[in-house]
Amino acid sequence: MIIETPLLIGERGFSRGHAWKLPAKEIAARNYNLDCKNPHEVVVNHRYPEVLMQEYLEIARQLAAAQTALKQELMQVAKYADTTRVNLIENRDFGKCSLVKALKGILDRMAVENTIFTKIGYPLRKEQEMIDSTAMREAVVNAVVHNDYSYGGAPKFEFFSDRLEITSMGGLPYGVDSEDFFSGFSVPRNKEIMRVSRDLEIVEQLGSGIPRILKTYGREAFEIRKSLLRVVFHYTIPVSRVKNTSQQAVIPEKASGKTLVDGLVARLADGLAESQRLMLELIAENPRISKRAMAEKIGISTTAIDKNIAALKTKGLLTRIGSNKSGHWKVVADRHE
């Protein structure tokens, strides 16, 4: 049995809200007391204006503190002498200003560091960037916009002699796995930063940034961890080969189109496996290259690198100058050296 109570009389007088229904058993359990609360009645929690103003001021204070802390975050562009973080030769801080202004400063600095190489050959001259500028810009913007600032850390941009590393804190956003990430599925971690960046046409919310990087560098450029996300761009031509310190460096090329390094390796390549030939090219370009870097570039294991090094030494084509830690490789052009 259902009893409708369209109008009730209680301690507070008449209740003129919507009608509602109560089962007969519930009414009997209440000893037939029909003074019950109307579930359709909107409860308004009135508080003193002074209390509400205090709560508002506290929220405003916390927001201002968060904005100030964000401005104090220093994003660094560092430059090292070799492939390690031991010999720091330059460190520039960008921060203590708006995030947009800091981002612009970083992009300008990165453009300066991205040397353009000019090969003078026959019959044409060819220009090539050290790092693909489109991929580099996408990685920089993604690092700043999607960094997890709650970790207390800011993005880092580090130039080594053979690569650029861009590191942001926080790993992948919650609910996004690596396949989602590489397919361009976009989930903004910082919605307000994303909104402002989109309004200023700094970034798109279409997930097109990662595919642009993948187009040139592939998945191997990404290092995804729980606490960070790192993008590694290996230079087209290692800095160790550059003699000109200006933004545009000139590398001579023979009329045949073979570079000096290619010519040297070509003379020694008879009877060598493809991986050994590639190793000689990498070492000729960067004598201080690590075994791990060679393995990553060629696509083989470090164990295979060790075996190839032993074979090249046996053939008299490769030697080590100095210690394993601070020394360098030397391609032996003359086997009688």
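Values in this document were obtained by computation on a predicted structure and should not be read as measured data.

Engineer: When you look at the overall build of the protein chain in this model, what are you seeing that I'm missing?
Structural biologist: Each helix and strand counted, the protein chain has 11 helices and 15 strands in total. Put simply, the protein chain has 337 residues, and 37% of those count as buried. Considering only contacts within the protein chain whose residues lie at least 6 apart along the sequence, 53% involve residues at least 24 apart. Within the structure as shown, the protein chain displays about 20700 Å² of accessible surface, and the carbon and sulfur contribution to it stands at 53%.

Engineer: How should the sheet that holds strand S6 (residues 88–94) be read in this particular structure?
Structural biologist: For sheets, the rule is that strands pair by backbone hydrogen bonds, running either parallel or antiparallel. The strand order across the open sheet formed by six strands is S6-S5-S9-S10-S12-S11, and the pairing between neighbours is mixed. Lying at the two open borders of the sheet, with one neighbouring strand each, are S6 and strand S11 (222–224). Here the strands of the sheet are splayed against their neighbours by 15 degrees on average, with no regard to which way each runs. Here S11 runs beside strand S12 (residues 228–234); their pairing, made up of three bridges, is antiparallel. What sits directly across from glutamate 223, in S12, is arginine 230. The strands touched by helix H4 (residues 133–146) are strand S5 (75–80), strand S9 (156–159), strand S10 (163–169) and S12; relative to S10, the strand with the most contacts, the crossing angle is about 20 degrees. Running at roughly 40 degrees to S12, helix H7 (residues 209–217) makes contact with S11 and S12 of the sheet.

Engineer: Any chance you could explain the packing of H4 against H7 here in plain terms?
Structural biologist: When two helices pack together, their arrangement is given by the angle between the helix axes and by the axis-to-axis distance. Look at H4 against H7: their axes get within 9 Å of each other, and the N-to-C directions meet at 140 degrees. On the basis of their axis angle, the class for H4 and H7 is oblique. Crossing angle aside, the handedness with which H4 passes H7 is left-handed. Facing H4, whose interface residues are Thr134, Ala135, Glu138, Ala139 and Asn142, H7 presents Gly209, Ile210, Arg212, Ile213 and Tyr217. Of the residues contributing to the contact of H4 with H7, the split by class is five nonpolar, three polar and two charged.

Engineer: How should the environment of leucine 228 be read in this particular structure?
Structural biologist: Relative to the assigned elements, leucine 228 resides in strand S12. The exposure class assigned to leucine 228 is buried, which follows from its relative accessible area of 11%. Residues leucine 228 and proline 155, 73 residues apart in the sequence, show an inter-C-alpha distance of 9.6 Å. If we skip the residues at most four places from it in the chain, leucine 228 touches Thr167, Ser168, Met169, Gly170, Gly171 and Glu223.

Engineer: Hey, could you run me through unusual backbone geometry in this one?
Structural biologist: With the exception of glycine, most residues fall at negative phi, and the peptide bonds are largely trans. Its identity is not glycine, yet glutamate 201 carries a phi of approximately 60 degrees, on the positive side. Looking at where glutamate 201 falls in the secondary structure, it is placed in the loop between helix H6 (191–199) and H7.

Engineer: Which parts of the structure should I look at to understand the confidence of the model for the protein chain?
Structural biologist: Any segment with low pLDDT has predicted coordinates that should not be analysed in fine detail. The predicted model of the protein chain has a mean per-residue pLDDT of 76, with 72% of residues at 70 or higher. Confidence over residues 1–17 falls short of pLDDT 50; this stretch has 32 contacts with residues more than four positions distant or in other chains. Overall, residues 242–246 carries pLDDT values under 50, and its contacts beyond four positions in sequence, including any with other chains, amount to four contacts.

What counts and what doesn't
- Residues numbered from 1 in each chain as written.
- Predicted model: local features only at pLDDT ≥ 70, side-chain atom pairs only at ≥ 80, totals over all residues.
- Heavy atoms only, no water.
- Helix = DSSP H or I, 4+ residues; strand = E, 2+ residues; numbered from the N terminus.
- Buried < 20%, exposed > 50% of the residue type's maximum accessible area, 1.4 Å probe, protein only.
- Contact = heavy atoms within 4.5 Å.
- Areas by Shrake-Rupley, 256 points an atom, 1.4 Å probe, with all protein chains shown as cover.
- Pairing = 2+ DSSP bridges.
- Axes fitted to C-alpha atoms, helices over the stretch in contact; angles between N-to-C directions.
- Parallel < 35°, antiparallel > 145°, perpendicular 65-115°, else oblique.
- Left-handed = near helix turned anticlockwise from the far one by under 90°.
- Nonpolar A, V, L, I, M, F, W, Y, C, P; charged D, E, K, R; others polar.
- pLDDT = per-residue confidence, 0-100.

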